[in-house]
Amino acid sequence: MEIGIQGVEGSFHNEAASSYFVDKEIAIQPFHDFRSLAKSIQAKTMDYGVMAIENTIAGTILPNYALINEYDLKITGEIYTRIEMNLIAHKGKKAEDLDQVFSHPMALLQCADFLANYPQIKLSEYDDTADSVKMIRDKGLENAGAIASKKAAEIFGMDILDSNIETNKKNYTRFLIIKSRMNGHDQVPQKASLRVITKHDPGALADVLLIFKLNGINLTKIQSMPILGKPYQYAFNIDVVWEDYDNYKDALHALSAKAELVKVHGEYKKGNIPTV
Ligand SMILES: O=C(O)C(=O)C[C@]1(C(=O)O)C=C[C@@H](O)C=C1
């Protein structure tokens, strides 16, 4: 199976893809950015894609919600991984020697507190964490550093100057497994990702939430997103979990009658949230 990811070997997407498809034979295809990954999934060039959607320090990757909607991607699963960040540079360097640090924007955000100790360092966004390590190595940027995984430092033969530099140790990223169409269910799904547009009436969102409450459905996330071409109007991306799939089906039925739009992006097996 071909799995598209954003990033090269040593990136966190690579790790998430390898862990999720651990018992499958896979070939991982790197993409430079999330849009080209989304396009390729829609065009069915890849069997699956893996796409980060939120991090417990840096927050939600809002543009990825927009891409899921724009390319009408289906969500077939999720995986949560612990993210450990390291400051990486050429051998013999210390953090005090660096004048620039490259990494993925989400990684820079996760290390903001650490980086604030080095005001002389210019922060520069790069495609992905591991590729930023490769880039400073290949270009011989002696006074530059990169933020990435331990594995990325090993792969590209660079030094780790400081490890676990994320602002909080409970640093997890949730990745979605995406596809161009829904898979048939080989087991009863436990979670769904929906896009809901309510009527523009007083209490319309409360009515939607009441449907979930009355059917014993638990929300794990609600994210408002602007509707393109309708300034100051919003769609809600809602993730829900349940004990009984029939309750979810009933809620979905009631929701379709109440809301202006209900789109199911995916019904899938809930990922395990790591505790360390
Ligand atoms: O650059 C990487 O290594 C990635 O896999 C990207 C990414 C992200 O998109 O959030 C993945 C996990 C971490 O939160 C940091 C960066």
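It should be emphasised that the depicted structure is a prediction, and the values quoted were computed from it without experimental measurement.

## Looking at the sheet that holds strand β10 (residues 159–163)
Part 1 of the reasoning: Strand order in the open sheet made by the five strands is β8-β7-β9-β6-β10, with mixed pairing throughout. Each edge of the open sheet is held by one strand with a lone partner, namely β8 (122–125) and β10. The mean angle between the axes of side-by-side strands here comes to 30 degrees, regardless of whether they run parallel or antiparallel.
Part 2 of the reasoning: Relative to strand β9 (residues 144–148), strand β7 (residues 100–103) is paired through three bridges, and the arrangement is parallel. Residue pairing in the sheet places V101 in a bridge with G145 of β9.

## Some remarks on the sheet that holds strand β14 (residues 234–241)
Part 1 of the reasoning: Taken together, four strands build an open sheet; the order of strands is β13-β14-β12-β15 and the sheet is antiparallel. With partners counted over all chains shown, the strands left at the sheet margins are β13 (218–226) and β15 (261–268), one partner each. Pairs of neighbouring strands in the sheet enclose a mean axial angle of 15 degrees, with direction left out of account.
Part 2 of the reasoning: With seven bridges joining them, strand β12 (residues 191–197) and β15 adopt antiparallel strand pairing. Bridge pairing links A192 to E267 in β15.
Part 3 of the reasoning: Sheet strands touched by helix α9 (residues 245–258): β12, β14 and β15. Its angle to β15, the strand with the most contacts, is close to 160 degrees.

## Digging into the site of the ligand
Part 1 of the reasoning: Close to the ligand lie 15 residues, the nearest being S11, F12, H104, M106 and D128.
Part 2 of the reasoning: Elements supplying a minimum of two residues to the shell around the ligand: α1 (12–20), β3 (48–55), α4 (105–110) and α6 (129–138).
Part 3 of the reasoning: When its residues are assigned to classes, the shell around the ligand shows seven nonpolar, seven polar and one charged.
Part 4 of the reasoning: Shared between two domains, the shell around the ligand holds at least three residues of each, these being domain 1 (2–83 + 171–179) and domain 2 (86–163).

## Here's the deal with the confidence of the model for the protein
Part 1 of the reasoning: A residue-level look at the protein finds 100% of positions with pLDDT of 70 or above and a mean pLDDT of 96.
Part 2 of the reasoning: Under the prediction, the complex receives an ipTM of 0.97, its pTM being 0.96.

## Observations concerning the UniProt feature "domain: ACT" (unreviewed entry) in the protein
Part 1 of the reasoning: In the numbering adopted here, UniProt assigns the feature "domain: ACT" (unreviewed entry) to residues 193–269.
Part 2 of the reasoning: Helix makes up 32% of residues 193–269 and strand 39%, with an end-to-end C-alpha separation of 11 Å.

## So, the UniProt feature "domain: Prephenate dehydratase" (unreviewed entry) in the protein
Part 1 of the reasoning: The sites that UniProt annotates as "domain: Prephenate dehydratase" (unreviewed entry) are residues 2–180.
Part 2 of the reasoning: Taken end to end, residues 2–180 is 30% helix and 33% strand, and its two terminal C-alpha atoms sit 13 Å from one another.

## Digging into α1
Part 1 of the reasoning: With respect to burial, α1 is a largely interior element, seven of its nine residues being buried.
Part 2 of the reasoning: For α1, the complete set of buried residues consists of F12, H13, N14, E15, A16, A17 and Y20.
Part 3 of the reasoning: Buried residues belonging to α1 abut β1 (2–6), β2 (27–31), β3, β5 (74–82), α6 and β11 (172–179).

## Considerations on the nonpolar core
Part 1 of the reasoning: By size, the foremost hydrophobic cluster in this structure holds 56 residues, and its most contacted members are V50, M51, I88, V133 and I147.
Part 2 of the reasoning: No other element matches the five residues that β3 contributes to this core.
Part 3 of the reasoning: Residue contributions to this core reach at least three from each of two domains, namely domain 1 (2–83 + 171–179) and domain 2 (86–163).
Part 4 of the reasoning: Look past the residues within four positions of I88 in its chain and what remains in contact with it is V133, G145, A146, A148, A152, A153, M158, D159, I160 and L161.
Part 5 of the reasoning: Counting residues in each nonpolar core, the second largest holds 14 residues, with V208, F212, L255 and A259 among its members.

## Digging into the domain arrangement of the protein
Part 1 of the reasoning: Under the domain assignment, the protein is made up of domain 1 (2–83 + 171–179), domain 2 (86–163) and domain 3 (191–268).
Part 2 of the reasoning: Of note, the centres of domain 1 and domain 3, computed from C-alpha atoms alone, are 23 Å apart.
Part 3 of the reasoning: Of the residues lining the interface, 10 residues belong to domain 1; the matching set on domain 3 comes to eight residues.
Part 4 of the reasoning: Breaking the side of domain 1 that touches domain 3 down by element, the ones donating at least two residues are α3 (62–70) and β5.
Part 5 of the reasoning: In terms of residue class, the side of domain 1 that touches domain 3 is built from four nonpolar, four polar and two charged.

Definitions and cut-offs
- Residues numbered from 1 in each chain as written.
- Predicted model: local features only at pLDDT ≥ 70, side-chain atom pairs only at ≥ 80, totals over all residues.
- Pairing = 2+ DSSP bridges.
- Helix = DSSP H or I, 4+ residues; strand = E, 2+ residues; numbered from the N terminus.
- Axes fitted to C-alpha atoms, helices over the stretch in contact; angles between N-to-C directions.
- Contact = placed C-beta atoms within 7 Å.
- Near = placed C-beta within 6 Å.
- Nonpolar A, V, L, I, M, F, W, Y, C, P; charged D, E, K, R; others polar.
- Domains from an automatic or database assignment.
- pLDDT = per-residue confidence, 0-100.
- UniProt positions renumbered as here; feature names shortened; annotations may be inferred.
- Buried ≥ 20, exposed ≤ 12 C-beta atoms within 10 Å, placed from the backbone.
- Core = buried A, V, L, I, M, F, W, Y, C linked by C-beta atoms within 7 Å.

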